[in-house]
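Examination of the molecular architecture
Now for the letters of each chain:
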Amino acid sequence: MSFSLAVLGDSIAYGTGAARPDDAIGPRLVRALAEDGVDATLQVVAVPGAVSAALAGQVRLVTRCDLALVVVGANDLTRLVPPAAAAEQLGSAVRDLRVLGADVLVVPAPDLSAVPWVPPAFQQLVAVASGELQRRQTDAVQAAGGVAVPIGTELGARFRAQPALFSADRFHPSSAGYALIAEALTPVVRSVARGRAAA
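All values derive from a computational prediction rather than experimental measurement.

Some points on the packing of helix α5 (residues 83-99) against helix α6 (residues 120-143)
One can describe the packing of α5 onto α6 by two numbers: an axis separation of 8 Å at closest approach and a directional angle of 30°. Considering their axes alone, α5 and α6 lie roughly parallel with respect to each other. In this structure, the crossing between α5 and α6 has a hand that is right-handed. Every residue of α6 that contacts α5 at P83, A84, A86, A87, L90, G91 and V94 is listed here: E132, L133, R136, Q137, A140 and V141. Along the lines of polarity and charge, the residues of the contact of α5 with α6 split into nine nonpolar, two polar and two charged.

Some thoughts on the nonpolar core
Nonpolar side chains in soluble globular proteins tend to be buried together. If you look at the biggest cluster of nonpolar residues, it comprises 41 residues, and the most contacted ones within it are F3, I25, L29, L69, I181 and L185. Broken down by secondary-structure element, the contributors of at least two residues to this core are β1 (2-9), α1 (11-14), α2 (25-35), β3 (67-71), α4 (74-78), β4 (103-107), α7 (152-161) and α8 (175-198). The element best represented in this core is α8, accounting for eight residues. Aside from chain neighbours lying at most four places away, what touches L185 is I25, L29, L69, V107, V149 and I151.

Some remarks on the layout of surface pockets
Volume-wise, the largest pocket comes out at about 420 Å³. Contributing to the lining of the largest pocket are 26 residues, with P108, A109, P110, D111 and G152 lying nearest its centre. Every element with two or more residues in the lining of the largest pocket is listed here: α6 and α7. Of the pockets and cavities examined, the second largest pocket occupies roughly 280 Å³.

Details of unusual backbone geometry
Phi at L80 takes a positive value of approximately 60°, unusual for a residue other than glycine. With respect to the helices, strands and loops of the structure, L80 is situated in the loop between α4 and α5. Of note in this structure, R170 is not a glycine but carries a positive phi near 60°. Tracing the chain through its elements places R170 in the loop between α7 and α8. Exposure remark for R170: the relative accessible area of 43% places this residue in the partly exposed category.

A short note on the environment of T138
When you line up the elements, T138 lands in helix α6. A relative accessible area of 22% means that T138 is categorised as partly exposed. Between the C-alpha atom of T138 and that of V70, which follows or precedes it by 68 residues, the distance is 12 Å. Beyond its immediate chain neighbours, meaning those up to four positions away, T138 contacts P108 and A148.

What to know about the sheet that holds β1
The strand order across the open sheet built from five strands is β2-β1-β3-β4-β5, with neighbouring strands paired in parallel fashion. Single-partner strands in this sheet number two, and they are β2 (39-44) and β5 (147-148). Pairing of β1 with β2 involves six bridges; the strand directions are parallel. From the neighbouring strand, S2 faces β2, where its bridge partner is D39. α5 rests against β1, β3 and β4 of the sheet, and its axis sits at about 155° to β4.

Some points on the packing of α2 against α8
Between α2 and α8, the shortest axis-to-axis distance is 8 Å and the interhelical angle comes to 45°. Classified by the angle between their axes, α2 and α8 sit oblique to one another. Here α2 and α8 pass one another in a crossing that is right-handed. Contact with α2, carried on its side by I25, R28, L29, A32, L33 and E35, involves S175, Y178, A179, I181, A182, L185, T186, V189, R190 and A193 of α8 and no other residues of that element. In terms of residue class, the contact of α2 with α8 is built from eleven nonpolar, two polar and three charged.

The rules behind the values
Residues numbered from 1 in each chain as written. Predicted model: local features only at pLDDT ≥ 70, side-chain atom pairs only at ≥ 80, totals over all residues. Heavy atoms only, no water. Axes fitted to C-alpha atoms, helices over the stretch in contact; angles between N-to-C directions. Helix = DSSP H or I, 4+ residues; strand = E, 2+ residues; numbered from the N terminus. Parallel < 35°, antiparallel > 145°, perpendicular 65-115°, else oblique. Left-handed = near helix turned anticlockwise from the far one by under 90°. Contact = heavy atoms within 4.5 Å. Nonpolar A, V, L, I, M, F, W, Y, C, P; charged D, E, K, R; others polar. Core = buried A, V, L, I, M, F, W, Y, C linked by side-chain atoms within 4.5 Å. Buried < 20%, exposed > 50% of the residue type's maximum accessible area, 1.4 Å probe, protein only. 1 Å grid on protein atoms, 1.4 Å probe; cavity = no way out; pocket = protein on both sides within 12 Å on 5 of 7 lines; lining within 4 Å. Points joined across faces, edges and corners; volume = space filled by probe spheres on them. Pairing = 2+ DSSP bridges.

Interpretation note: all reported values are geometric properties and have no functional meaning in isolation.
Written out as structure tokens, the structure reads:
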């Protein structure tokens, strides 16, 4: 079975911080699908530093696509983009990807309070802001026909407890961190692939 996967979004979608390109989320998911006998092709149009407003341009680069994975929100938080605006831009991108015939999975914004360089005095404020964007993103994604994958709470706790999950910049995941993210996404991605095969 052939299957096409597109990855859109920001530096986490791209794989910044991974020791090798193959350690990023997209290649890890392709390998997981191969274990199921699914021959997946990968197109990564994610751009480090991207905010949700950039998704419209990334969608235009996507060719044939069975599944689109969107990872976005961290830069909207750091650049203080209003949550309502960021969520609306994400929802629009999801609708456009659905028009292309793709199933769409979205990883909402991470809990940036887990990032090591956030001072303890600001962690609660950052956690609240992250949660607000996550909620708005989830609502927008669902309304647009996509699926929000709520891995942030569990992974945020893991990242907070294990500094080795961050790369040397103490912001992006390390290869070990990307392995954890991909592991959390793999069951959902496999489910989409099986559904496509059965259709």
